[in-house]
Amino acid sequence: MIALIKDLHSHVGQAVTLQGWLYHRRDSGKIAFLLVRDGSGLCQCVVSKSEQTESFFESARRLGQESAIRVTGTVRADPKQVGGHEIDVSGLEVVGASENYPITNKPHGIDFLFKNRHLHFRSRRQWAILKVRATLVDEIRGYFNRNGFTLIDTPIFAPAAGEGAQTLFTVDYFGEPVYLAQTGQLYVEAACMAFGKVYCFGPTFRAEKSKTRRHLTEFWMVEPEIAYAELDDVIAVAEDFICSIVQRVLKDNRPELEFLGRDLSKLEKIQKPFNRLTHKEAADILRGPRAKEMLENDLATKSARIEEIKKLVAEKEAKEKSQGIKQWEKDKIVQELADLREELDDLQVDVQNIPHHIKLAASFDENGDLGGSDETIISRLHERPTFVTHYPRGCKAFYMKQNASDPTRVNNVDLLAPDGYGEIIGGSQREENLDVLLSRIHEEGLNPADYEWYLDLRRYGTVPHGGFGLGVERTLAWLCGLKHIRETIPFPRMMGKFYP
RNA sequence: UCCCCGAUAGCUCAACGGUAGAGCGGCCGGCUGUUAACCGGUAGGUUGUAGGUUCGAAUCCUACUCGGGGAGCCA
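Each value, and the rule that gives it
- Every chain is numbered independently, its residues counted from 1 as its sequence is written.
- The lettering of chains begins at A and the numbering of ligands begins at 1, in the order of writing.
- Given that this is a predicted model, residues contribute local features only at a pLDDT of at least 70 and side-chain atom pairs are listed and counted only at 80 or more, while totals for whole chains, interfaces and linings are drawn from all residues.
- No hydrogens and no water enter the side-chain calculation; it runs on all heavy atoms of the structure.
- Buriedness of a pocket was judged along seven lines, with at least five required to meet protein on both sides within 12 Å; pockets are open sets of points on a 1 Å grid over the protein atoms alone, cavities are sets where a 1.4 Å probe fits but cannot get out, and lining residues have an atom within 4 Å of a point.
- Grid points are joined across faces, edges and corners, and a volume is the space filled by probe spheres set on the points.
- A run of DSSP states H or I qualifies as a helix once it reaches four residues; a run of E qualifies as a strand once it reaches two. Both are numbered from the N-terminal end.
- Gly is put with the polar residues, along with every residue not named as nonpolar or charged; the nonpolar set is Ala, Val, Leu, Ile, Met, Phe, Trp, Tyr, Cys and Pro, and the charged set is Asp, Glu, Lys and Arg.
- Nine residue types can take part in a nonpolar core, namely buried Ala, Val, Leu, Ile, Met, Phe, Trp, Tyr and Cys, and a core is a set of them joined through side-chain atoms within 4.5 Å.
- Per-residue accessibility, obtained with a 1.4 Å probe over protein chains only, is compared with the maximum for each type, and a residue is labelled buried under 20%, exposed over 50%, and partly exposed between these values.
- Should any heavy atoms of two residues lie within 4.5 Å, those residues are considered in contact.
- One heavy atom within 4 Å of a molecule or strand makes the whole residue count as near it.
- What qualifies as a polar contact is a pair of N or O atoms within 3.5 Å, subject to a donor-acceptor requirement within protein and to the restriction that residues adjacent in sequence count only when both atoms come from side chains.
- When DSSP finds two or more bridges between two strands, those strands count as paired.
- Each axis is a line fitted through C-alpha atoms, taken for helices only over the stretch in contact, and angles between the N-to-C directions span 0 to 180 degrees.
- Arc, as used here, means the arc of the directions from the helix axis to the C-beta atoms.
- Candidates for patches are residues over 30% relative accessible area with no salt bridge; among them, like charges are joined within 9 Å and nonpolar side chains (Val, Leu, Ile, Met, Phe, Trp, Tyr) within 5 Å.
- Surface exposure here means Shrake-Rupley accessible area, sampled with a 1.4 Å probe, where a residue is shielded only by the protein chains that are shown.
- A carboxyl oxygen of Asp or Glu within 4 Å of a side-chain nitrogen of Lys or Arg is what we treat as a salt bridge.
- Values of pLDDT, the confidence the predictor places in each residue, fall between 0 and 100.
- Note on ring pairs: Phe, Tyr and Trp rings are taken, using the six-membered ring of Trp, and paired if centres are within 6.5 Å. Classes follow the plane angle, with under 30 degrees stacked, over 60 edge-to-face and the rest tilted.
- By definition, being over a ring means that NZ of Lys or CZ of Arg is both within 6 Å of the ring centre and within 35 degrees of the ring normal.
- The cut-offs work like this: below 35 degrees is roughly parallel, past 145 is roughly antiparallel, 65 to 115 is roughly perpendicular, and the gaps in between are oblique.
- Crossing handedness follows the turn of the near helix against the far one: under a right angle anticlockwise gives a left-handed crossing, and clockwise gives a right-handed one.

## Considering the layout of surface pockets
And then number 1: Taken as a whole, the second largest pocket spans an internal volume of roughly 1100 Å³.
And then number 2: Along the walls of the second largest pocket sit 34 residues, with His108, Leu113, His120, Arg125 and Glu487 positioned nearest its centre.
And then number 3: Put simply, the parts of the chain that give the lining of the second largest pocket at least two residues each are helix 2 (110-115), helix 3 (117-120), helix 4 (124-146) and helix 11 (327-362).
And then number 4: Counting residues per element, the lining of the second largest pocket draws most heavily on helix 11, which supplies 5 residues.
And then number 5: Per-class residue counts for the lining of the second largest pocket are 11 nonpolar, 11 polar and 12 charged.

## A look at the nonpolar core
Here is a general trend for soluble globular proteins: nonpolar side chains tend to be buried in one another's company.
And then number 1: Ranked by internal contacts, the top residues of the largest apolar core, which has 47 residues, are Ile140, Phe144, Phe241, Ile242, Phe468 and Trp478.
And then number 2: With residues up to four places along the chain from it excluded, the contact list for Ile242 reads Ile270, Phe274, Leu415, Ile424, Ile425, Leu470 and Trp478.
And then number 3: Residues Ala3, Leu8, Phe56 and Ile87 belong to the second largest nonpolar core, which totals 22 residues.

## A few points about the protein's contact with RNA strand B
And then number 1: Surveying the vicinity of RNA strand B reveals 50 residues, the closest of which are His24, Lys106, His108, Arg213 and Arg474.
And then number 2: Here His108 contributes a side-chain N or O atom positioned 2.4 Å from a sugar or linking oxygen of RNA strand B.
And then number 3: In this structure, Ile424 approaches RNA strand B through a main-chain N or O atom, which is 3.3 Å from a sugar or linking oxygen.
And then number 4: Contributing elements (two or more residues each) for the surface near RNA strand B: strand 1 (15-27), strand 2 (31-37), helix 2, helix 11 and strand 15 (422-429).
And then number 5: Per element, the largest residue contribution to the surface near RNA strand B is 4 residues, and it comes from helix 11.
And then number 6: Along the lines of polarity and charge, the residues of the surface near RNA strand B split into 10 nonpolar, 18 polar and 22 charged.

## Considerations on empty space enclosed by the protein
And then number 1: Summed over all chains, the structure comprises 2 cavities of 30 Å³ or more.
And then number 2: Counted as a void, the second largest cavity has a volume near 60 Å³.
And then number 3: The wall of the second largest cavity is formed by Phe114, Arg117, Phe491, Pro492, Arg493, Met494, Lys497, Tyr499 and Pro500.
And then number 4: Taken together, the residues that form the lining of the second largest cavity break down as 6 nonpolar, no polar and 3 charged.

## Let's talk about the sheet that holds strand 9 (residues 176-180)
And then number 1: Across the sheet, which stays open at both edges, the 3 strands sit in the order 7-9-8 with antiparallel pairing between neighbours. Each edge of the open sheet is held by one strand with a lone partner, namely strand 7 (157-158) and strand 8 (170-173).
And then number 2: Bridge count for strand 8 against strand 9 is 4 bridges, and the pairing is antiparallel. Considered in strand 9, the bridge of Val171 is made with Val178.

## Things to note about the sheet that holds strand 2
And then number 1: If you trace the 5 strands once around the closed barrel, you get 1-2-3-5-4, paired in mixed fashion. Taken over all neighbouring pairs, the strand axes of this sheet differ in orientation by 55° on average, direction set aside.
And then number 2: When strand 2 meets strand 3 (residues 42-48), the two strands line up antiparallel, connected through 7 bridges. Within strand 3, the position partnered with Leu34 by the bridge is Cys45.

## Concerning helix 9 (residues 279-287)
And then number 1: If you check which residues of helix 9 are buried, you get His279, Ala282, Ala283, Ile285 and Leu286. The buried residues of helix 9 occupy one face: seen down the axis, they fall within an arc of 160°.

## Focus on a nonpolar patch on the surface
And then number 1: Among the surface-exposed residues, Phe157, Tyr173 and Phe174 lie close enough to one another that they form a single nonpolar patch of about 390 Å² accessible area.
And then number 2: Tracing the backbone through its elements, the reader meets Tyr173 in strand 8.

## A word on the pattern of salt bridges
And then number 1: Applying the stated criterion to the full structure yields 42 salt bridges.
And then number 2: One salt bridge in this structure joins Asp406 and Lys280, with 3.6 Å as the shortest N-O distance. Taken as a pair, Asp406 in the loop between strand 13 (386-389) and strand 14 (412-417) and Lys280 in helix 9 lie far apart in primary sequence, 126 residues in all.
And then number 3: Glu432 is the partner of Lys401 in a salt bridge, and the nearest nitrogen-oxygen pair spans 3.2 Å. Taken as a pair, Lys401 in the loop between strand 13 and strand 14 and Glu432 in the loop between strand 15 and helix 13 (434-443) lie far apart in primary sequence, 31 residues in all.
And then number 4: Owing to a relative accessible area of 16%, Lys401 belongs among the buried residues under this scheme.
And then number 5: Beyond isolated ion pairs, a larger network of salt bridges with shared partners links Asp138, Glu139, Arg146, Arg248, Lys251 and Asp252.

## A closer look at the confidence of the model for chain A
And then number 1: Of the residues in chain A, 96% reach a pLDDT of 70 or more, and the chain-wide mean stands at 89.
And then number 2: Within chain A, no element has a lower average pLDDT than helix 11, which sits at 76, and none a higher one than strand 6 (residues 150-151), at 98.

## Some details on the packing of aromatic side chains
And then number 1: Taken as a whole and assessed by the stated rule, the structure comprises 16 aromatic pairs.
And then number 2: Ring geometry for Phe144 and Phe149: centres 4.9 Å apart, planes at 70°, overall edge-to-face. You'll find Phe144 and Phe149 in the same group, each marked buried.
And then number 3: Over the ring of Tyr391 we find Lys396, and its NZ or CZ is 4.6 Å from the ring centre.
And then number 4: In this structure, Arg458 packs its charged tip against the face of Tyr454, placed 4.3 Å from the ring centre.

## Section: the packing of helix 4 against helix 15 (residues 472-480)
And then number 1: Two elements in contact, helix 4 and helix 15, have axes whose closest approach is 10 Å; the angle formed by their N-to-C orientations is 120°. When the interaxial angle is binned, helix 4 and helix 15 end up oblique. In this structure, helix 4 crosses over helix 15, and the sense of that crossing is right-handed. Every residue of helix 15 that contacts helix 4 at Ile129, Val132, Arg133, Leu136, Val137 and Ile140 is listed here: Val472, Glu473, Thr475, Leu476, Leu479 and Cys480.

This is the structure:
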């Protein structure tokens, strides 16, 4: 009987066949341990040398990493082992051989791993992240489908769209330049006038020359848009939506999140109501004593940690060179040293940047946009996600609704994830007034002729409406507690990188 | 576009102006409970590219290429 590793708990004592790949192998003369993965989990399979296993014992102990194999044997519960079960092997079939698999169990550099991304996501950590991604994507669709939103697919080839053509990829479209879409927003605005509540979900493209842990050139975004909605309605949906995502991932992916080392208590704190600040209030916080104090504390604790690490590094280096040390101890020390040095590098960059961040925050212009470091400060001061609303008109897109009581501000909202993960949602109420919209288009130096269809939406039954966009990869990085966004997508596309 | 760091065996790294090395991975052998197993043996190199300094360059200098991190910009 063919079984999945994740279902072995219901097959204890039975003979089953696993169809999978050899994740790792250890052997010791007359016994071989095959750690098998089948896409649903990992299970150690034990081959003892005996009459029964004679025909395949030799080939079993020579199997290369990632050989495709069918393993038959009896399931035994063993809480010590990965997954809680072990199989005593009675039959083995090699389906596809594998020799010299490049990704070994020793450390590799990220350049190498991402050149081998097609193999890299077979490994446990990457597998866990992409399992959470699948849940996240499913919940995104599920949430909007359950709540009366209609899926509308928006085009990927876009004519010169609203917000600065420098950040778009150009494509030759039968001799004419078109752009890869960086948002479906203008199109879902049209669609919400037909369907009431809609969303689009697909890849978007940004040609920004950014090489940071927060950037991809191709990433996925979901963009709900709601007719007869004002800013507070948009915020209420965003809040409910985020809670629903967090709950679902906590329900379905606890083992994966634990394996990734995520502090689940932090996710469990993601409950309504989220914090709400206006941009002006955020400015006050940034310029106030709390922000400064936090950053100065950071500086002190990080500097102290740097000294501590330097000491540890010196100790371990000495130990590594000392005599009579076992090879495995040496390996362990080398790995610890590498980890410490990486932490040290990160800390040194932080420490170098903090004084700059203090200055930026203290001199924050309340008529300017929030910078990356400002977002980090705001989000670090709060355990729950924080909505920041009513940004200055000048630093936001032309289509955002001008605030009725303060025309220098717009009815927009950004959602900052906790723990310094930054902006995961950007949204707004849209300007539904034709004249105001036209004057904003002129103000931004855009050509109204490019937006005729969009202006039609204000001519034929315009209503207050709004929506937001959520970046899947940044959200996933936050949910999984990852340092770098490139791990959140199967095949990352980054500046200068598009292989494999 | 700017700033910092890096490139040595398949992989991770050492060698710091004087004979290119270790561990892992590969291959051969040994070991019946391993958890990055262990032990012995073995193969494996145009030190990113081009120039320069020097009796001598992986090592110093210059340029370039590629990569990492950050700033700006952004989800």
